[in-house]
Each structure stands twice: as C-alpha cells, then as structure tokens.
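# Geometric and topological summary
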Amino acid sequence: MKATLFLLSVYLSLSDQIGDIKNLNLVSSISPTQSVEEGSSVELECRLGNVPDRAEVAWVRIRGVEEVDYLSIYDKEDGQIDYEEEQATSEMSEEEEGWVWRLILSKVTTSVAGLYQCQVLIHDEVVSSRKVLLNVLDPNKVEHNTKYVITKQGRNITLDCTDFEGEDVNWKRLGETTVVQNGKRLSLIRVDRSDSGIYVCSVSGGSKTISLLVEHVPTITPTKPTISQFPGYPSSLSCQVTAVPVPAVSWYRLGSPQGPTMIKSQGDLSMVIDEYKDGWMTSRLIFSNVTQEDYGQYSCNATNMLGQAFATVQLVFSPTPVLTESSKECCLSGNLLWIVVTAFIVLYSN
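Residues numbered from 1 in each chain as written. Predicted model: local features only at pLDDT ≥ 70, side-chain atom pairs only at ≥ 80, totals over all residues. Heavy atoms only, no water.

### Points about the sheet that holds strand 25 (residues 280-287)
To keep it simple, the criterion reads: Should DSSP find at least two bridges between two strands, the strands are taken to pair. Helix and strand assignments follow DSSP, with helices taken as H or I runs no shorter than four residues and strands as E runs no shorter than two, numbered in order from the N terminus. To obtain each axis, a line is fitted to C-alpha atoms, and for helices this fit is confined to the stretch in contact; angles are then taken between N-to-C directions over 0 to 180 degrees.
Read from one edge of the open sheet, 4 strands run 19-21-25-24, paired in antiparallel fashion. Strands at the two margins of the open sheet, each flanked by one partner only, are strand 19 (216-222) and strand 24 (269-273). Averaged over all pairs of adjacent strands, the angle between strand axes in this sheet comes to 20°, irrespective of strand direction. Two strands pair when backbone bridges link them, and strand 21 (residues 235-244) and strand 25 are joined in this way by 8 bridges, in the antiparallel orientation.

### With respect to the environment of R185
Using the following cut-off: Residue burial is assigned from relative accessible area. The probe radius is 1.4 Å, only protein chains are included, and a residue is buried under 20% of its type maximum, exposed over 50%, and partly exposed in between. Residue contacts are counted whenever heavy atoms from the two residues lie within 4.5 Å of one another.
Structurally, R185 can be placed in strand 16 (residues 185-188). The exposure class of R185 is partly exposed, given its relative accessible area of 48%. Residues R185 and T158, spaced 27 residues apart in sequence, show a C-alpha to C-alpha distance of 6.4 Å. In contact with R185, other than residues within four places in its own chain, are T158, L159, D160, T162 and W171.

### Things to note about the nonpolar core
Applicable threshold: Here the nonpolar core consists of buried residues drawn from Ala, Val, Leu, Ile, Met, Phe, Trp, Tyr and Cys, with membership extended through side-chain atoms lying within 4.5 Å.
Ranked by internal contacts, the top residues of the largest apolar core, which has 35 residues, are I220, L237, W251, L285, F287, Y298 and L315. Formed by 30 residues, the second largest nonpolar core is a distinct cluster that contains A88, M92, Y116 and V127.

### Examining the sheet that holds strand 20 (residues 226-229)
Taking strand neighbours across the sheet as the criterion, the 5 strands line up as 20-27-26-22-23 in an open arrangement whose pairing is mixed. The open sheet has two edge strands with one neighbour each: strand 20 and strand 23 (261-262). Here strand 20 pairs with strand 27 (residues 307-317) via 4 bridges, running parallel. Opposite T226, over in strand 27, you have Q314 as the bridge partner.

### Examining the confidence of the model for the protein
This is how the line gets drawn: Per residue, pLDDT captures the predictor's confidence, and it can take any value from 0 to 100.
When the pLDDT values of the protein are averaged, the result is 80; 81% of them are 70 or greater. Every residue in residues 1-23 is under pLDDT 50, and counting partners more than four places away or in other chains gives 51 contacts. Taken together, the stretch residues 329-348 has pLDDT below 50 and engages in 1 contact with residues farther than four places along the chain or on a different chain.

### Looking at the side chain of Q34
Rules: Think of a polar contact as two N or O atoms within 3.5 Å of one another; within protein, one of them needs to be a possible hydrogen donor and the other a possible acceptor, and neighboring residues in sequence only count if both atoms come from side chains.
Following the sequence through the fold, Q34 ends up in strand 3 (residues 34-37). A polar contact is formed between the side chain of Q34 and the backbone oxygen of P32, at a distance of 2.9 Å. Not counting the four nearest positions on each side in its chain, Q34 is found in contact with V42, L44, L133, L134 and N135.

This is the structure in structure tokens:
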C-alpha cells in the first residue's frame, strides 16, 4: 500500500465522506482533541474492538475529503510498518479491555497539525474509523492557563473558576469591558454561536481564560472574491472558514461541462490550510505559475457533521503582473544582481 492513497469508496451521503465510518464498530474509541506546543511529543490512542484476522489497521493524516497520507499500518501476519519513522512511529499493544493502536509524533511542528484518523480496512476498503484533531501551538503565544470547552448549540453550560481562592471573582468576555457576572461560576443558558468566545475570570493576583466553542455549521468568507494575475506569475485564492467541529475543506474547479472538479495538490498547484484555532481556519489554493488554463471560477467548500457551505472565488487575467511580497523580494534581488553585473562589466571594459 502506498504512503499516500486516494480513498475511492463510494459513501452513502456527503456527511459520510468526511465523518467517521461506523458501519462496523471496530474502532471503539479514540483520543480527544490534542493541543500541544511546538517541539513537544504527543501520543494519539485508538482502542479497537474485535478486529478480524484478515483486517489491516492504519493511522492516516487527512489532507482533504478524498486525500490522506498513510503514516502507519498493521496486520496480524506482517506486524506494523511505519512510513515516516522520523516523524511518526506506531505501537500495537494488548490490554485488559482489548487492543490499543498508538501513534507517537515526536518534536511536532505546525506543519503536522490537523486531522488524524484511525482506520480498520478489509481488502483495502475502510470499514470503521474515528478521527482526532491535533493542534500545534506556538510556545511563545500559549497562555498556559487557557482552557478549551466545546458544547452543542441549545445546551446550558457552566464555566468554572472554583480553583481560585477568594470570593471576589468576576467574569469578562475578551474584547468587552463590562463584567458579565460575578462569582466563581458563569452559567450560560441555551448557548448558540454568538456565545462563542474567550471568557476571562479574574481575581486579585491572577486570572484564567476559557475559550468556549459552540458547535455550528460551516460558514465561508472569501478573502477576496476576485484575484487577477498575469500568466507565468504566482497567485493564490483563499477563504476563511468558521466551523465547530473542525470541517473538511476542499477546492473545486467550476465551469466544466462535466460539472465541478475536485482539485488535488499536484505540480504547480497546492492547497494549504492554516492552523485551526478558536473555531476558524484559512484555506489557500496556491498557483506557483499561473497559466491561461487556470483562469476561471473556483469553489471553496467546507463540511462538518452539522452541514456544509461553499463560496466562489475567481482567478482572472491581469494585463500586468501582480507582485506579492515574495515576488517583490525576488524581483528586487534580480534587479540588484543586474546592476552589480552591469557595473562590473563597465569597470572591467574601462
């Protein structure tokens, strides 16, 4: 099995495409969302049910709706194979409650943040899976007393600050000046998306922040609805996605007689998803060298277990090159080199 595969299974619904496959409950549980600082190690744990002898078990990293990277795979006959040993190793062990399949990531960087999935496969087809989100944080920006809480819309929730001594505790919402409530507990009734945010409980001598995320369907906002560029120069389309839980994001090319065509990273085209944090992320479709065939309409799509959304962005012809910061630096360096070479030739000829 190759280290990178495309899943070709036909799912019954769009939610099945990005969600966990549970038609066979062979993957009984998985680690909750993990948030670790860059440079540290993390262990993802997958607990298995009664897996058939002919089955394979795999850890994969989800790149898109139909694109994954295989990190480790195990079967009872051949044991385990780790495809990226410098980055990730796996371990299968038997415990009282059953088999546990672990993925250990060492010295993590922001590039490895994202969705990971534990899969059970029979004849190369995924029959059971669960996924876990890995956040990699910048150590210089981490507030070590921050707590993350995720809840469903319409529920009541109580934020707790009882670990502080003293009675004079007040709550504020980050970005607002008025006190929301006094006391060690903050009760919120029938929360919705508008209640999402960072709440700070303060007492003399210290404070604690709680990031509250309320589950909701994705919403998408294009960074710019129209991007123009001259052929032969780099460009990128981007969209900001807000969703809880974390969505699967994909890009499609529009305008084909066959209908929308899903885009995959290859050649001069790549997709980048910035860190998912506090319920939002930015997805970029990057053209390293724009051609005439690249001009047209594109769709940025996001789907989670609650629903889906899309927004269109178009790449159009520009009569002159539109230089990004990196392009400007490149051109500046090239002009400087030309000046130096020209000056050298003039001096030499004299």
